[in-house]
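Remarks on the overall topology
One letter stands for each residue in the lines below.
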Amino acid sequence: MRRRLLLVAGAVAAGVALGFSISVVQSGGWERWLARHGIVPGYADLGRAVPALEGRHLYLDCRGAGSPTVVLEAGMGADARSWGSVFPALAGTTRTCAYSRANRWGSDPRGPHTLAEAAADLRAALAAAAERPPYVLVGHSLGEAFVRVFAGRNRADVAGLVLVDGFAPDRFRRLIALAPPDLADRWQANLDANIRSVEAIDRLAWAASEAELKAVDLGDMPVEVVVVPQPFAVDPHIPDGDRARLEAAWREGNATFSARTRVTLAEGAGHFVQWDRPELVVEAAERLVAAARGN
């Protein structure tokens, strides 16, 4: 009887294991399965403090081999640890670096500064670590503003950008200008609140930073936009007669970061696309890596 119970238990365990394996495969891999079940893969802390400018040090973690080098730029208040769900896959394709900006985990503090000054810090840290260009820069949320300014000021060093559900205040301002008055006021209040958070949390001097962002011209640089669809069709604050027009303007804004912009809609994802749909971020970066290699 005991032997029979053990055999049944073993069969059940094997069945559970098989079912689990099938579930992982059907989800598109281990990282995707974890994300679908609300579990973000942990970040393995393998980095070090690297000299930047003015005596500061930034946390930098580089793994893998090959060119171009992918550099991961986190969103507001986030740091290198936010990339655990895509870092191993990207490092398996090419050299990949996650880092933390000043005032974030593992890096030194600094006072108010601009996007361009942060870009100069990153460039100095990469040089100090002998991480050579060309770079493919991946920016999530507020990170997209940092990577756009970096690319605008270091065009020769950048092979392409991946903008992951970006902050894009310049695009949002254009949308606000097209909205009816009540909606425009609502959206403007939302943008103003976000900017106050950026100033407080990331210590950015925003007026000067936005001027730097406005001056960026990416020309024909390859840009991959991975963006979460917005609820234009159901948002109760948008008048019915304006839905299609505003959604078309939003789509145009996403498609015009450069003359060579490709847009991927991250269906089913929340703002942290790299957690909910990590494969989309990996695939976008890998397309740019392949293009830079001439593949």
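Scroll up to find the structure this text is about.
Notes on the structure follow. (Residues numbered from 1 in each chain as written. Predicted model: local features only at pLDDT ≥ 70, side-chain atom pairs only at ≥ 80, totals over all residues. Heavy atoms only, no water.)

**So, the overall build of the chain**
- Scanning the chain from N- to C-terminus turns up 11 helices and eight strands.
- For the chain, buried positions account for 49% of its 295 residues.
- Intrachain contacts of the chain at a sequence separation of at least 6 include 73% that bridge at least 24 residues.
- On the chain, roughly 13,700 Å² of surface is accessible, and the fraction owed to carbon and sulfur atoms is 55%. (Helix = DSSP H or I, 4+ residues; strand = E, 2+ residues; numbered from the N terminus. Buried < 20%, exposed > 50% of the residue type's maximum accessible area, 1.4 Å probe, protein only. Contact = heavy atoms within 4.5 Å. Areas by Shrake-Rupley, 256 points an atom, 1.4 Å probe, with all protein chains shown as cover.)

**Describing helix α7 (residues 181-201)**
- A rise of 1.5 Å per residue sets the reference length of α7, with its 21 residues, at 30 Å; its end C-alpha atoms lie 30 Å apart and thus fit the reference within 8%.
- Along α7, the residues classified as buried are L183, A184, W187, L191, I195 and V198. Summarising the axial view, the buried residues of α7 lie within an arc of 105°, below the 170-degree limit, and thus occupy one face. In α7, the exposed positions that point more than 90 degrees away from the buried face belong to D182, D185, R196 and A200.
- Each element contacted by the buried residues of α7 is listed here: α6 (169-178), α8 (206-214) and α9 (243-254).
- Phi turns positive one or two residues past the end of α7, at R203, with a value near 55°. (Expected span 1.5 Å × (residues − 1). Arc of directions from axis to C-beta.)

**Focus on unusual backbone geometry**
- Note that the residue after S67, namely P68, is joined by a cis bond; omega there is 0°.
- Tracing the backbone through its elements, the reader meets P68 in the loop between β2 (57-63) and β3 (69-73).
- P133 connects to P134 through a cis peptide bond whose omega is 5°.
- Considering the arrangement of structural elements, one finds P134 in the loop between α4 (115-128) and β5 (135-140).
- Of note in this structure, S141 is not a glycine but carries a positive phi near 55°.
- Structurally, the position occupied by S141 is in the loop between β5 and α5 (143-153).
- Residue class for S141 comes out buried when judged on its relative accessible area of 14%.

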